[in-house]
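Letter by letter, the chains look like this.
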Amino acid sequence: MPIQDSDAGDADVVKDDAARRSGIPERRTGLHGWLDGIRSTRTGALTLKIVIGVIGAIMVVGGLIMVPFPGPGWLVVFAGLAVLSTEFHWAHRLLEFGKRVLHAWTEWYKRQGWTVRIIVLIVTVAAATVIVYFGMRTLGIDLLMYAQRFV
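The rules behind these values
Residues numbered from 1 in each chain as written. Predicted model: local features only at pLDDT ≥ 70, side-chain atom pairs only at ≥ 80, totals over all residues. Heavy atoms only, no water. Core = buried A, V, L, I, M, F, W, Y, C linked by side-chain atoms within 4.5 Å. Buried < 20%, exposed > 50% of the residue type's maximum accessible area, 1.4 Å probe, protein only. Helix = DSSP H or I, 4+ residues; strand = E, 2+ residues; numbered from the N terminus. Patch = residues over 30% accessible without salt bridge, like charges linked within 9 Å, V, L, I, M, F, W, Y side chains within 5 Å. Areas by Shrake-Rupley, 256 points an atom, 1.4 Å probe, with all protein chains shown as cover. Salt bridge = Lys/Arg side-chain N within 4 Å of Asp/Glu carboxyl O. Axes fitted to C-alpha atoms, helices over the stretch in contact; angles between N-to-C directions. Parallel < 35°, antiparallel > 145°, perpendicular 65-115°, else oblique. Contact = heavy atoms within 4.5 Å. Nonpolar A, V, L, I, M, F, W, Y, C, P; charged D, E, K, R; others polar. UniProt positions renumbered as here; feature names shortened; annotations may be inferred.

A. Spotlight on the nonpolar core. Core analysis: the biggest nonpolar cluster contains 7 residues, these being V60, V77, L81, L84, F88, A91 and L95. Taken together, the elements giving at least two residues each to this core come down to α4 (73–84) and α5 (89–111). The leading source of residues in this core is α4, at 3 residues.

B. Structural context of a nonpolar patch on the surface. Nonpolar side chains collect at one region of the surface, where L46, I50, V54 and I58 lie side by side and expose about 400 Å² of accessible area between them. Summarising the element assignment, L46 is placed in helix α3 (residues 42–66).

C. The packing of helix α2 (residues 30–39) against α3, seen in detail. Relative to each other, α2 and α3 sit at 120°, their axes nearing to 6 Å. Taken as axis vectors, α2 and α3 run oblique relative to one another. In this structure, α2 contributes L35, I38 and R39 to the contact, and α3 contributes G44, A45 and L48. A breakdown of the residues in the contact of α2 with α3 according to their chemical character gives 4 nonpolar, 1 polar and 1 charged.

D. Fine view of the UniProt feature "transmembrane region" (unreviewed entry) in the protein chain. Listed under "transmembrane region" (unreviewed entry) in the UniProt record, and renumbered for this structure, are residues 46–67, 73–95 and 116–136. Secondary structure within residues 46–67 divides into 95% helix and 0% strand; the distance between the first and last C-alpha atoms comes to 31 Å. Annotated as residues 116–136, this span is 100% helix and 0% strand, and its ends, taken at the C-alpha atoms, are 30 Å apart.

E. Expanded view of the side chain of E87. Here E87 lies in the loop between α4 and α5. Owing to a relative accessible area of 14%, E87 belongs among the buried residues under this scheme. Every residue in contact with E87, bar those within four places of it in the chain, is listed here: R39, L48, K49 and I52.

F. Summary view of the pattern of salt bridges. Using the criterion set out here, one finds 5 salt bridges in the structure. Across the salt bridge formed by R137 and D142, the nearest N and O atoms sit 3.9 Å from each other. Residue R137 is classed as partly exposed on the basis of its relative accessible area of 43%.

G. Quick look at the environment of A45. Mapped onto the secondary structure, A45 falls in helix α3. For A45, a relative accessible area of 25% puts it in the partly exposed group. Along the chain, A45 and L35 lie 10 residues apart, while their C-alpha atoms are 8.9 Å from each other.

Pasting the structure below:
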């Protein structure tokens, strides 16, 4: 953009020169640039915050519902927090806390002997079995009755 003469004298030239020398990066491209473009207006920023909040909340709630059942419950919870953390600082802090706790637990688990590992495995399988059994009972399906038919 060419510099126009103004009543400010050489101020336009000085400002343009300072802008060229500054360390400010160019506008981002890709998804981040697109999101920055949406956030550039007040309405866009509010709309984006609402949409991200709804999508992330649905993912977190859905993941929490799936946690007691075998499957990717915690993975969906962490993915929902990752979505929320794009717009909400509290979600970013919670996601980082969750990653730290998970890392600390896995490091503790790795240091344990085979006895503790087997006990943790047995408790996990037993808890999953009880949760699935009572979950199916609430749906009116008695798995023990079906199992007795085969025995």
